[in-house]
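Observations on chain architecture
Read off the chains here:
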Amino acid sequence: MSSLDVSRGVCALVPGLSHWLENALYAVRIVDAASPRDRDGRRVLLAAEIGHATHRDILINLIDGAPSLVAAANGLPARVAFGIADMGFAFALIAELARPASVPAVGDSGSARLMTLAGRVARSDATVLIQGDTGTGKEGMARFLHAQSGRTAHDFIAVNCAALPETMMEAMLFGHKKGSFTGAANASDGLFLAADGGTLFLDEIAELPLALQAKLLRALQEGEVLPVGATHPVSVNVRIVAACNRNLAEEVAAGRFREDLYWRLNVMALELRPLAERRGDISAIAAAMLLRLSDMGKTGFVWPTPAALDKLSAHGWPGNARELGNVLQRALVLRDGDRIDAADLHMGSAPQIVSLPVQPALQPIVAPVELVAPAEPIRLRDVARHSKLEAIRIALRETDGHRAAAARKLGISERTLRYRLAEMRELAAA
């Protein structure tokens, strides 16, 4: 939890700010503007208290006109001016201006409690399993765990298991010796050794094949890896943070994930709720994203109107924070005025899927005797592939084109679904 000083003058002018900051994961201290301060401390002061400010501080001013943000520059602190109507978003903006880069945006009390728990977990070396829908911020949580741990002097390595080529997974994770397989012209340490002393984040871990899961289990249990082509294991000191957008317990029950590996990973479990269930985070994440898109206000910060914020809060966010980022980026490009208004927010109930020609239904493999046999026999591999593609079409139709829901229905990740959709497009173009 970060500490932030707030002057008594600020508390008198906007008494709700300190409560917002506490919900946003700050330890708030009420101070006199002229009181001695910590060398690296940061304060929220009134614009009239600028004589006591440093370049790290944030000055606020309550006005009647349009809100504004002036970024810190030339030794002067950042300045935020706003009226009563924009006060809620201004609070979120102040919190995100002061927030360290390694801490995710938080504005919901439930999220603040989760982040407090995560901070305690980070100080241990326990393996962590993060579960949550796509776009809920699993990698951001993993980076927070690393930043709050005692391993910050070493690397944080993130790898998406679904993106690893299946034939190269073992060599990429555990390394390989020169000449251990065709094309291995040089030896490679692998991701475990690259993260030695630090943190290895394994995203979409349910995509690992069962055979590789057994080798990962040994690496976790013994603290050593066996590079491909090697005869002696190599010791590693790595903290594992794994993530999955599916329920791993259900994957174990279905036989797609090893039970022993599940219990080895599930030492400390963190569940990230969908954005629709943590409405208080919406304005905080929006403020953080708009700051990032404007280089912390240096290129001109665009404020959303109260009507726009109401529309954001009312949306269901099936794509979670990733969808929110897309909506805001579109609004910045397409807006008509100086601010983002409700009409500038283009949100659909679900992503639109490009319609593809429907493949004809498969004919029985054994044709009636009176028909001429096909010139080429139907291969079992093609039957299996067409069956999978037909299942994808049905799932997309039943979920109104919602990819995340279709992936859950099929028991695959969204990334795998995207690969299958690309294959369908290639078949349609052929």
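The structure displayed is predicted, hence computed values, not measured ones.

How each quantity is defined
Residues numbered from 1 in each chain as written. Predicted model: local features only at pLDDT ≥ 70, side-chain atom pairs only at ≥ 80, totals over all residues. Heavy atoms only, no water. Helix = DSSP H or I, 4+ residues; strand = E, 2+ residues; numbered from the N terminus. Contact = heavy atoms within 4.5 Å. Areas by Shrake-Rupley, 256 points an atom, 1.4 Å probe, with all protein chains shown as cover. 1 Å grid on protein atoms, 1.4 Å probe; cavity = no way out; pocket = protein on both sides within 12 Å on 5 of 7 lines; lining within 4 Å. Points joined across faces, edges and corners; volume = space filled by probe spheres on them. Nonpolar A, V, L, I, M, F, W, Y, C, P; charged D, E, K, R; others polar. Buried < 20%, exposed > 50% of the residue type's maximum accessible area, 1.4 Å probe, protein only. Lys, Arg positive; Asp, Glu negative; His and termini not counted. Salt bridge = Lys/Arg side-chain N within 4 Å of Asp/Glu carboxyl O. Pairing = 2+ DSSP bridges. Axes fitted to C-alpha atoms, helices over the stretch in contact; angles between N-to-C directions. Parallel < 35°, antiparallel > 145°, perpendicular 65-115°, else oblique. Left-handed = near helix turned anticlockwise from the far one by under 90°. Core = buried A, V, L, I, M, F, W, Y, C linked by side-chain atoms within 4.5 Å. pLDDT = per-residue confidence, 0-100. Expected span 1.5 Å × (residues − 1).

Attention shifts here to the overall build of the protein chain. Each helix and strand in the protein chain was counted, giving 16 helices and 13 strands. Within the protein chain, counting contacts between residues at least 6 apart in sequence, those at least 24 apart form 67% of the total. Carbon and sulfur atoms form 53% of the exposed surface of the protein chain, whose accessible area is close to 21700 Å².

What the rule picks out here adds up to one cavity of 30 Å³ or more. Computed from the structure, the largest cavity encloses a volume of approximately 70 Å³. Asp133, Thr134, Asn245, Arg246, Ala404, Ala407, Arg408, Ile412, Ser413 and Glu414 together form the lining of the largest cavity. Here the lining of the largest cavity takes three residues from helix H15 (residues 403–410), the largest share from any one element. When grouped by side-chain class, the residues that make up the lining of the largest cavity number three nonpolar, three polar and four charged.

The next thing to look at is the side chain of glutamate 49. Assignment of secondary structure puts glutamate 49 in the loop between strand S3 (43–46) and strand S4 (58–62). Among buried Asp, Glu, Lys and Arg side chains, glutamate 49 stands out as unpaired, with arginine 43 the closest opposite charge at 8.4 Å. Sequence-distant contacts of glutamate 49, defined by excluding residues within four places in its chain, comprise Ser7, Gly9 and Ala33.

Moving on, we get to the layout of surface pockets. There is about 1200 Å³ of room inside the largest pocket. Forming the walls of the largest pocket are 42 residues, and the residues nearest its centre are Pro104, Gly137, Glu139, Gly140 and Met141. Contributions of two or more residues to the lining of the largest pocket are made by helix H3 (87–98), helix H4 (109–122), helix H5 (138–147), helix H11 (280–293), helix H13 (320–334) and helix H16 (414–429). Taken as a whole, the second largest pocket spans an internal volume of roughly 520 Å³.

This paragraph deals with the sheet that holds S3. The sheet built from six strands is open, its strands ordered S2-S1-S3-S4-S6-S5 with mixed pairing. Both edges of this open sheet fall to strand S2 (26–31) and strand S5 (68–70), since each of them pairs with a single strand only. Mean inter-strand twist for the sheet, computed between neighbouring axes without regard to direction, equals 20 degrees. Sheet topology places S4 next to strand S6 (residues 78–82); five bridges connect them, and they run parallel. Opposite isoleucine 60, over in S6, you have valine 80 as the bridge partner. Helix-sheet contacts for H3 involve strand S1 (2–7), S2, S3, S4, S5 and S6, and the interaxial angle to S6 is about 170 degrees.

For any two helices packed against each other, the geometry is given by the interaxial angle and the distance between the axes. Packing of H11 against H13 brings their axes to within 10 Å, and their N-to-C directions diverge by 50 degrees. With respect to each other, H11 and H13 are oriented oblique. For the pair H11 and H13, the sense of crossing is right-handed. Listed contacts from H13 to Ile282, Ile285, Ala286, Met289, Leu290 and Leu293 of H11 are Ala321, Leu324, Gly325, Leu328, Gln329 and Leu332. A breakdown of the residues in the contact of H11 with H13 according to their chemical character gives ten nonpolar, two polar and no charged.

Of all hydrophobic cores here, the largest spans 53 residues; its most connected members are Leu21, Ile60, Val80, Phe82, Trp303 and Leu312. It is H3 that provides the largest number of residues to this core, a total of ten residues. Those residues in contact with tryptophan 303 that sit more than four places away from it in its chain are Pro67, Ser68, Leu69, Val80, Ala81, Phe82, Asp86, Phe89, Ala90, Leu93, Arg339 and Ile340. Membership of the second largest hydrophobic core comes to 32 residues, among which are Phe174, Leu216, Val236 and Val238.

Mean pLDDT over the protein chain: 86, with 89% of residues reaching 70 or higher. In the predicted structure, residues 349–378 sits below a pLDDT of 50 and forms 20 contacts with residues beyond four places in sequence or in another chain.

Turning our attention to the pairing of S4. Examined bridge by bridge, S3 and S4 share three bridges and lie parallel to one another. Its bridge partner being in S4, leucine 46 is matched across the sheet by isoleucine 60.

A word on H3. An ideal rise of 1.5 Å per residue puts 16 Å on twelve residues; H3 measures up with 17 Å between its terminal C-alpha atoms. Every buried residue of H3 is listed here: Met87, Phe89, Ala90, Phe91, Ala92, Leu93, Ile94, Ala95, Glu96, Leu97 and Ala98.

In this section: the sheet that holds strand S9 (residues 199–203). Pairing between the strands of a sheet comes from backbone hydrogen bonds, and it takes one of two forms, parallel or antiparallel. Read from one edge to the other, the open sheet built from five strands follows the order S8-S9-S12-S7-S13, with strand pairing classed as parallel. Either end of the sheet is taken by a strand with one partner, and the two such strands are strand S8 (156–160) and strand S13 (268–272). Neighbouring strand axes in the sheet, compared pairwise and without regard to direction, differ in orientation by 15 degrees on average. Pairing analysis gives four bridges linking S9 to strand S12 (residues 239–244), with the strands arranged parallel. Residue pairing for S12: phenylalanine 201 is matched across the bridge by valine 241. Lying over the sheet, H5 contacts strand S7 (128–132), S8, S9, S12 and S13, oriented at roughly 155 degrees with respect to S7.

Residues apart from glycine generally show negative phi values, whereas peptide bonds are mostly found in trans. One non-glycine residue, glutamate 204, lies in positive phi territory at about 50 degrees. In this structure, glutamate 204 sits in the loop between S9 and helix H8 (210–222). When its relative accessible area of 10% is taken as the criterion, glutamate 204 is described as buried. Positive phi values are uncommon outside glycine, yet asparagine 320 reaches one of about 55 degrees. By relative accessible area, which is 1% here, asparagine 320 ends up buried.

In total, this model carries 17 salt bridges according to the counting rule given. Here arginine 43 and aspartate 5 are joined by a salt bridge, their closest N and O atoms 3.2 Å apart. With arginine 43 in strand S3 and aspartate 5 in strand S1, this pair connects stretches of sequence that are 38 residues apart. One exposure class covers both arginine 43 and aspartate 5, and it is buried. Between arginine 246 and glutamate 207 there is a salt bridge, with its nearest N and O atoms 2.3 Å apart. Placement of the pair is arginine 246 in the loop between S12 and helix H9 (248–253) and glutamate 207 in the loop between S9 and H8, with a sequence separation of 39 residues.

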